[in-house]
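Coordinates in review
Now for the letters of each chain:
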Amino acid sequence: MFDMPKFEKIWLSIGVGSLILFLLISGVLGVAMGLNPPDGLENTIEPEQVEAAPPFNELGVKQIGDNEYEVNVLSFIFGFDPKEIVVPQGATVHFKMTSKDVVHGFHIPGTPVNLMLTPGHITEYTHTFNEPGEYLIVCHEYCGIGHEQMYAKFVVE
Amino acid sequence: MDHQHTGLIEKDAHGNVLTDFEFEKEDRNIMLAFIGFAFVSVFLGAVAGFLQMMQRAGWITLPHWLTYYQLLTFHGVALALVFTTFFIMAFLYSGVTKTLGGSMPKITRTLSWIAFFMMAIGTLIAIFLILTNDATVLYTFYTPMRANGWFYVGLALLIVGSWIISIGIIIAYARWRKKNRGKPSPLFAYMTIATIILWLHASLAVAVSVVVLIIPWAFDLVPRINVSLTRTLFWYFGHALVYFWLLPAYIYWYVNIPQIIGGKIFSNSLPRLTFILLILFSVPVGLHHQLMEPGLHSFFKFLQVILTMAVVVPTLITAFSIIATFELAGRSKGGKGLFGWVKKLPWKDARFFAAFMGMLLFIPGGAGGVINTSYQLNQMVHNTWWVTGHFHLTFASSVVLTFFAISYWLVPVLTKRTFTRTMNRLAILQTILWTVGMILLGGVMHFAGLKGAPRRTAYSTYGEHELGITWMSYNQVIAIGAVILFVAILLMLYIWINLLFVTPKMEKTLEYPIGVVNEKANEPPRILERWSVWIGVSIALSVIAYTIPIYQLIVNQDPGSLPFRSW
Ligand code: HEM
Ligand SMILES: [Cu+2]
Ligand SMILES: [Cu+2]
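What counts and what doesn't
- Residues numbered from 1 in each chain as written.
- Chains lettered and ligands numbered in written order.
- Predicted model: local features only at pLDDT ≥ 70, side-chain atom pairs only at ≥ 80, totals over all residues.
- Heavy atoms only, no water.
- Helix = DSSP H or I, 4+ residues; strand = E, 2+ residues; numbered from the N terminus.
- Rg over C-alpha atoms; globule rule 2.2 N^0.38 Å.
- Buried < 20%, exposed > 50% of the residue type's maximum accessible area, 1.4 Å probe, protein only.
- Contact = heavy atoms within 4.5 Å.
- Areas by Shrake-Rupley, 256 points an atom, 1.4 Å probe, with all protein chains shown as cover.
- Lys, Arg positive; Asp, Glu negative; His and termini not counted.
- Charge placed at Lys NZ, Arg CZ, Asp CG, Glu CD.
- Donors = N, O, S within 2.8 Å, 3.2 Å for Na, K, Ca; no water.
- Tetrahedral: all angles 85-135°; square planar, octahedral: opposite > 155°, others 65-115°.
- Near = heavy atom within 4 Å.
- Polar contact = N/O pair within 3.5 Å; in protein donor to acceptor, adjacent residues only side chain to side chain.
- Nonpolar A, V, L, I, M, F, W, Y, C, P; charged D, E, K, R; others polar.
- Phe/Tyr/Trp six-rings, centres within 6.5 Å; stacked < 30°, edge-to-face > 60°.
- Lys NZ or Arg CZ within 6 Å of the ring centre and 35° of its normal.
- Pairing = 2+ DSSP bridges.
- Axes fitted to C-alpha atoms, helices over the stretch in contact; angles between N-to-C directions.
- Salt bridge = Lys/Arg side-chain N within 4 Å of Asp/Glu carboxyl O.
- pLDDT = per-residue confidence, 0-100.
- 1 Å grid on protein atoms, 1.4 Å probe; cavity = no way out; pocket = protein on both sides within 12 Å on 5 of 7 lines; lining within 4 Å.
- Points joined across faces, edges and corners; volume = space filled by probe spheres on them.

**Some points on the overall build of chain B**
A count of helical and extended segments in chain B gives 17 helices and 3 strands. Relative to the 2.2 N^0.38 estimate, which gives 24 Å for 567 residues, the radius of gyration of chain B is 23 Å and therefore close to what a compact globule would have. In terms of overall dimensions, chain B has a C-alpha envelope of 70 × 50 × 45 Å along the principal axes. Buried residues in chain B amount to 68% of all 567 residues. Sequence separation of at least 24 residues holds for 84% of the intrachain contacts in chain B that already meet a minimum separation of 6. Looking at chain B as shown, the accessible area adds up to about 19800 Å², and 70% of this sits on carbon and sulfur atoms. Taking the average place of the 39 positive charges on the side chains of chain B and the average place of its 21 negative ones, the gap between the two points comes to 3 Å.

**Quick look at the overall build of chain A**
Along chain A, the regular secondary structure elements total 1 helix and 10 strands. Traced from its N-terminal end to its C-terminal end, chain A shows the element sequence α-β-β-β-β-β-β-β-β-β-β. By the burial criterion, 52% of the 157 residues in chain A qualify as buried. Sequence separation of 24 or more characterises 59% of the internal contacts of chain A that already satisfy a separation of 6 or more. Working note: accessible area of chain A is about 6800 Å², and carbon and sulfur atoms make up 58% of it.

**With respect to the coordination of the iron atom of ligand 1**
Residue and element names in this part refer to chain B. The coordination sphere of the iron atom of ligand 1, as far as protein atoms go, consists of His-75 (NE2) and His-392 (NE2), spread over 2.0 to 2.1 Å. Geometry at the iron atom of ligand 1 is octahedral, judged from the 6 donor atoms that bind it and their angles of 84 to 179° at the metal. Residue His-75 is found in helix 3 (residues 68-99), and its partner His-392 is found in helix 14 (residues 385-415); the two are separated by 317 residues along the sequence.

**Digging into the site of ligand 1**
Residues and elements named next belong to chain B. In the vicinity of ligand 1, 28 residues are found, and the nearest of them are Arg-56, Tyr-68, His-75, His-392 and Arg-456. Between ligand 1 and Trp-385 there is a distance of 2.9 Å, counted from an oxygen atom to a side-chain nitrogen or oxygen. Counting only elements with at least two residues in the shell around ligand 1, the list comes to helix 2 (25-56), helix 3, helix 14, helix 15 (421-450) and helix 16 (466-502). Taken together, the residues of the shell around ligand 1 sort by class into 19 nonpolar, 6 polar and 3 charged.

**Describing the coordination of the copper ion (ligand 2)**
For a metal bound by four donors in tetrahedral geometry, the ideal donor-metal-donor angle is 109.5 degrees, whereas six donors in octahedral geometry ideally sit at 90 or 180 degrees. Residues and elements named next belong to chain A. Only His-104 (ND1), Cys-139 (SG), Cys-143 (SG) and Met-150 (SD) from the protein coordinate the copper ion (ligand 2), and they sit 2.0 to 2.5 Å from it. Of note, the copper ion (ligand 2) draws all its donor residues from one chain, in the sequence arrangement H-x34-C-x3-C-x6-M. If you look at the copper ion (ligand 2) and the copper ion (ligand 3), they sit 2.4 Å from each other and are both ligated by Cys-139. Pair noted here: His-104 is in strand 6 (residues 104-107) and Met-150 is in the loop between strand 9 (133-138) and strand 10 (151-156), with a separation of 46 residues, a long-range link. Accessibility expressed as a relative area gives 0% for His-104, which makes it buried. Met-150 gets classed as buried once you look at its relative accessible area, which sits at 0%.

**Here's the deal with the packing of aromatic side chains**
Scanning all chains against the criterion turns up 51 aromatic pairs over all chains. Relative to Tyr-69 of chain B, the ring of Tyr-142 of chain A lies with its centre 4.7 Å away and its plane at 35°, an arrangement referred to as tilted. Of the two residues, Tyr-142 of chain A is situated in the loop between strand 9 and strand 10 and Tyr-69 of chain B in helix 3; the pairing between them involves two chains. Comparing Tyr-142 of chain A with Tyr-69 of chain B, the two get one shared label, buried. An angle of 80° between the planes, with centres 6.2 Å apart, marks the rings of Tyr-142 of chain B and Phe-234 of chain B as edge-to-face. With Tyr-142 of chain B in the loop between helix 4 (106-131) and helix 5 (149-179) and Phe-234 of chain B in helix 7 (residues 227-260), this pair connects stretches of sequence that are 92 residues apart. Judged on exposure class, the residue Tyr-142 of chain B and its partner Phe-234 of chain B are both buried. Members of the aromatic cluster, joined through ring pairs, are Phe-141, Tyr-142, Phe-151, Tyr-152, Trp-199, Phe-234, Trp-235, Phe-237 and Phe-244 of chain B. Between Arg-56 of chain B and the ring centre of Trp-385 of chain B, over which it is positioned, the NZ or CZ distance is 3.6 Å.

**Notes on the sheet that holds strand 1 (residues 10-11) of chain B**
All names here are of chain B. The sheet built from 3 strands is open, its strands ordered 1-2-3 with antiparallel pairing. Of all strands in the sheet, those with a lone pairing partner are strand 1 and strand 3 (509-510), marking the two edges. Here 2 bridges tie strand 2 (residues 17-19) to strand 3, and the two strands are oriented antiparallel to one another. Note on strand 3: the bridge partner recorded for Thr-19 is Thr-509.

**Some points on the environment of Thr-73 of chain B**
All names here are of chain B. In this fold, Thr-73 is placed in helix 3. Owing to a relative accessible area of 0%, Thr-73 belongs among the buried residues under this scheme. If we skip the residues at most four places from it in the chain, Thr-73 touches Ile-130, Ala-135, Thr-136, Val-137, Leu-138 and Tyr-139.

**Focus: the packing of helix 8 (residues 270-280) of chain B against helix 17 (residues 531-555) of chain B**
When two helices pack together, their arrangement is given by the angle between their axes and by how far apart the axes lie. At a closest axis distance of 9 Å, the pairing of helix 8 of chain B and helix 17 of chain B adopts a crossing angle of 35°. When helix 8 of chain B is examined against helix 17 of chain B, the residues Ile-276, Ile-279 and Leu-280 of chain B are found in contact with a partner set consisting of Trp-531, Trp-534, Val-537, Ser-538 and Leu-541 of chain B.

**Considering the pattern of salt bridges**
Residues and elements named next belong to chain B. Within this structure, the stated rule accounts for 18 salt bridges over all chains. The salt bridge involving Arg-331 is made with Glu-327; its shortest N-O contact spans 2.8 Å. Note that Arg-331 and Glu-327 are positioned in helix 10 (residues 312-332) at a spacing of 4 residues, about one turn of the helix. For Arg-331, a relative accessible area of 34% puts it in the partly exposed group. The partly exposed category is assigned to Glu-327, whose relative accessible area is 27%. Taken together, the salt bridges that share partners define one network made up of Glu-10, Asp-20 and Lys-508.

**Comments concerning the environment of His-107 of chain A**
Inspection of the secondary structure puts His-107 of chain A in strand 6. Exposure remark for His-107 of chain A: the relative accessible area of 2% places this residue in the buried category. Distance from His-107 of chain A to Val-138 of chain A, taken between C-alpha atoms, is 5.3 Å for residues 31 residues apart in sequence. Setting aside residues no more than four positions away along its own chain, His-107 of chain A makes contact with Val-113, Asn-114, Leu-136, Ile-137, Val-138 and His-140 of chain A together with Met-380, Thr-384 and Gly-452 of chain B.

**Regarding the confidence of the model for chain B**
One rule of thumb: low pLDDT means the predicted coordinates there are not for detailed reading. Residues and elements named next belong to chain B. When pLDDT is averaged along chain B, the result is 91; 97% of the residues meet or exceed 70. Mean pLDDT in chain B bottoms out at helix 1 (residues 2-6), which sits at 41, and peaks at helix 4, which reaches 98. This prediction of the complex comes with two scores: 0.93 for pTM and 0.88 for ipTM.

**Details of the layout of surface pockets**
Residue and element names in this part refer to chain B. Space inside the second largest pocket adds up to approximately 550 Å³. Residue lining of the second largest pocket: 25 residues in total, with Lys-11, Gly-15, Ile-260, Asp-349 and Arg-351 positioned closest to the centre. At the level of elements, helix 1, helix 7 and helix 15 are the ones that each hand at least two residues to the lining of the second largest pocket. When residues in the lining of the second largest pocket are grouped by element, the largest group, 4 residues, is from helix 15. Among the residues forming the lining of the second largest pocket, the class breakdown is 7 nonpolar, 9 polar and 9 charged.

**Section: empty space enclosed by the protein**
All names here are of chain B. Per the stated rule, a full pass over the model turns up 6 cavities of 30 Å³ or more. Around the largest cavity, the lining residues are Leu-81, Thr-85, Phe-141, Leu-155, Leu-158, Ile-159, Ser-162, Trp-199, Val-206, Phe-237 and Leu-241. Within the residue set of the lining of the largest cavity, elements represented by two or more residues are helix 3, helix 5, helix 6 (187-218) and helix 7. Among the elements that line the lining of the largest cavity, the one with the most residues is helix 5, at 4 residues.

This is the structure:
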């Protein structure tokens, strides 16, 4: 009824077929292997009070297990606290982060750590760092006149 | 179109087809007002883009009264919001007038002028506040950065104005339907209505965000704002916005180009089906812009990623139909063999060539888009320059080159001037410059983005960090692209000034190209004309995709954010 020639049907079937395959892979990765981007649903806090209560009354690296760390980061215009984070090679890091003013970003290029820090919400993410190096943390969400000066260091020794 | 039936084609000294059809003066003035406003916006917007890139590459330093982020806000507002909306409304108005009887009802004209002034005044307010540095919040105006309240009022006027002209066009269409019961609508008008439905549906969300949430907060009537909610409502609108730009380009490819290349519209149903699918799958997908954000459930993020990917279907149909149309046209002109027809296409006609280069750049652009949306790959590119590269190939190249192609005949049709050989040659040159410039700019932005270069950032080497230095070397190439684009936009302005005021006036008018449907094509299925059904399905899909996320953002509400002026 749509004047679809045979070639077009073949063309569409291949297209739709590869699409489904693609979504299946993505879905399996997401559900079965837990490779989900951050979701942080119920973790809401009052932006001005964040430093008064856990987890953001203690910022920085805290060891919680065998080469496993909790890293609490607070972002603000225009910086991150702490300004430098150091963990050993192979460390599994549980990030807990937020912003106390506007929306900021937290990206460590070369890793999948690519997050948004929205005031009022806690962004949580876990990643294991196997490659040693001196990484850059950049704020990649426009946050004001000093946005391009908002960065920090992430060192894997 | 008449000449096709009589077999007599009248041409001017430059080889252009002439016809007796001309728009009435009242309609012409409306279209010229919208188009003129669009031209000024795209020119100034591109100049801002050029200066921005010069700063970011370290080639110039800006004066203290003008910041990078002011330029960027101007660039986004002028190009993404103003140029597109004005140009699209003029183009839709023209095609609907042409295919539904040649003139618009009086009510449509009145509404269009009201719309024009609302949109123009809104734009001027917004631009003024950007220039005074009171609205340096970028075109996405994410809270809790807070611009001067009138900036949001200006944007609201722009959006509501566009609704008013849209309603004018819908009224004209409804009257036509009443008089022509049982007939399928002409393809151009059909596609226009689809585009308008998409626009009204999507922009309603951002209007709610601006009027209900942001404006009261911006004028200090309420102290705090729900940041995630405003972002979510923005992206409910934001992704459909890109289809709102793309659909008019598709209209040109499907309906006008077949006539320009001497072919026929391949099918009368597939194009309609494409547009319906695009209405359905453009709104319930906005969360794919927020995959990296807290406060939104992963299930709904994933659901919306699936819905986003559904757009592959109408895209493949479009690619197929357009190539088929080209082939049929080339063969009917005697092209033989597997690719002989390619040579028969009018490569030297800018009205075709510019749009064709746009289509070509849509291939890498679209492929990049699939990567953006894919759930995990998004983590590599989110908010990097990859994204900016992506929409300079799709939007600033494919869509904009198509709009340029439209202007080469639409302006002469409206001014009754000639599209001279010289202008055509310059337009071909313009196309080549724009294509090369965008490949350098958009293409290299992709690579810089893969290396992690963040979008929306002024010149910075990040404390001489190794990565910062690498990014800066990419910027040098991107800046060369920006210089080429700057030359191209100057040339574009020169061509437009000529077509508006200079080239010779004619007795007859340049042809308004509307393709004829291939005689073998079937009548379109009735159900495709039942707009209420499609509006219903579209709303239902959005309700499924959005109710729970929005509900969660409201119940899991933190106290909200106070305003900041961080620039
Ligand atoms: C002379 C031609 C152009 C140049 C040199 C140019 C340059 C740029 C640059 C360098 C950026 C990125 C800024 C950043 O992320 O820091 C940008 C962003 C952008 N450009 Fe262009 N551009 C041009 C034309 C266009 C056109 C024709 C359009 C659309 C009609 C367009 C739409 C946009 C949009 C929507 C953004 C995003 C703004 C934002 O992130 O807030 N550009 N452009
Ligand atoms: Cu920031
Ligand atoms: Cu920032």
